[in-house]
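# Summary of the model geometry
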Amino acid sequence: MAGCEIKTKIASSGLNVKSTFTKAEKDGSLSGVIELKQNVRGVDCTGKIDTKSQLNLVFEHGDLIPGLKLKGEGALSGSTSKITADYKHDKVMATASIDTVKSVIGINSVFGFNAFNAGFSSNYTYKGKDGKAVWSSPAFAAQYDGGDYQVGASCKDMGGSLGVAVHKTISKETSVAVSIEQATKNKNTSLDVALGASYKVDKDASLKGKVDSKGVISLLYSQKLKSNTTLKVSGEINSSKLSAANAHKFGLAALMEY
């Protein structure tokens, strides 16, 4: 997939304009999104329209109470209608949302103490497929920050999915990470392992790579060409399906700001 992103700002009105264009690798179709963003009396207003004539609106207000931010999202097509409240404090972050289209209330929170962070999230569907309310199983996560390394653990579906991740900074230019996730469903257990690394070539270029237990190898190279232009080249190779059609991906993106 190839893409191009252009950003500009109209100084006289403070209006920010971002245009994104992409070309699909599979069928060569073109798609685009134009985003307009402006602050009106303390409210950040954002409008997006794409090549499918879908118009989405977002309104954000963060000055009512210190640490509290309200956000409203809607689409003229009726596909989106959501209100979100975010609260941030020195040691607590909490989010509550209600989606009237999906009939879902979401709650999640994170608590911090020194180098430790712990959080949970859950959803309540007040109008399910059969008309009954459903409370989803909560998910828990914890993380320890040791400075040049971080260790995280997660638990979902009441133990049905367990995960561990470790990130280590080797030097100013190099860091590595590994993640392990075990999932159990219908008495079948699967184990997924992924190893990643990032290397900063110089002040303008960086290289990232990842390989997982399914044999998928991913690479991303980012190069800053000018102060307002960045080129990104990405690729993904499925080593278990080398001769299969559409098993591999290639991406090219140029990001320009004006």
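To be clear, the structure that these remarks concern was listed above.
The following refers to the structure shown. Everything quoted here is computed from the prediction, not taken from an experiment.

Definitions and limits used
- Residues numbered from 1 in each chain as written.
- Predicted model: local features only at pLDDT ≥ 70, side-chain atom pairs only at ≥ 80, totals over all residues.
- Heavy atoms only, no water.
- Phe/Tyr/Trp six-rings, centres within 6.5 Å; stacked < 30°, edge-to-face > 60°.
- Helix = DSSP H or I, 4+ residues; strand = E, 2+ residues; numbered from the N terminus.
- Buried < 20%, exposed > 50% of the residue type's maximum accessible area, 1.4 Å probe, protein only.
- Contact = heavy atoms within 4.5 Å.
- Pairing = 2+ DSSP bridges.

## Comments concerning the packing of aromatic side chains
Counted under the stated rule, the structure contains 3 aromatic pairs. With a centroid separation of 4.8 Å and an interplanar angle of 50°, the aromatic rings of Phe-116 and Tyr-144 are classed as tilted. A residue pair is termed long-range when its members are at least 10 positions apart, and Phe-116 in strand β10 (residues 116-125) and Tyr-144 in strand β12 (residues 139-145) qualify at 28 residues. Look at Tyr-144 and Tyr-149: their rings are 6.2 Å apart centre to centre, the planes differ by 50°, and that puts the pair in the tilted class. Look at Tyr-144 and you get partly exposed, because its relative accessible area is 31%. An aromatic cluster of at least three residues, connected via ring pairs, comprises Phe-116, Tyr-144 and Tyr-149.

## Description of the environment of Glu-236
Along the chain, Glu-236 turns up in strand β19 (residues 229-238). Those residues in contact with Glu-236, other than ones at most four positions away along the chain, are Val-216, Ile-217, Ser-218, His-248 and Lys-249.

## Structural notes on the pairing of strand β9 (residues 104-113)
Two elements, strand β8 (residues 92-99) and β9, share 8 bridges in a ladder whose sense is antiparallel. Pairing of Met-93 across the sheet is with Val-110, part of β9. Looking at chain direction, β9 and β10 are connected through 10 bridges and run antiparallel. Within the sheet, the bridge partner assigned to Gly-112 lies in β10 and is Asn-117. Hairpin geometry of β9 and β10 is characterised by an intervening segment of 2 residues between the two adjacent antiparallel strands and by a positive phi of about 55° at Asn-114.

## What to know about the environment of Lys-23
Structurally, Lys-23 can be placed in strand β2 (residues 15-23). What makes Lys-23 partly exposed here is its relative accessible area of 45%. Separated by 179 residues in sequence, Lys-23 and Asp-202 place their C-alpha atoms 30 Å apart.

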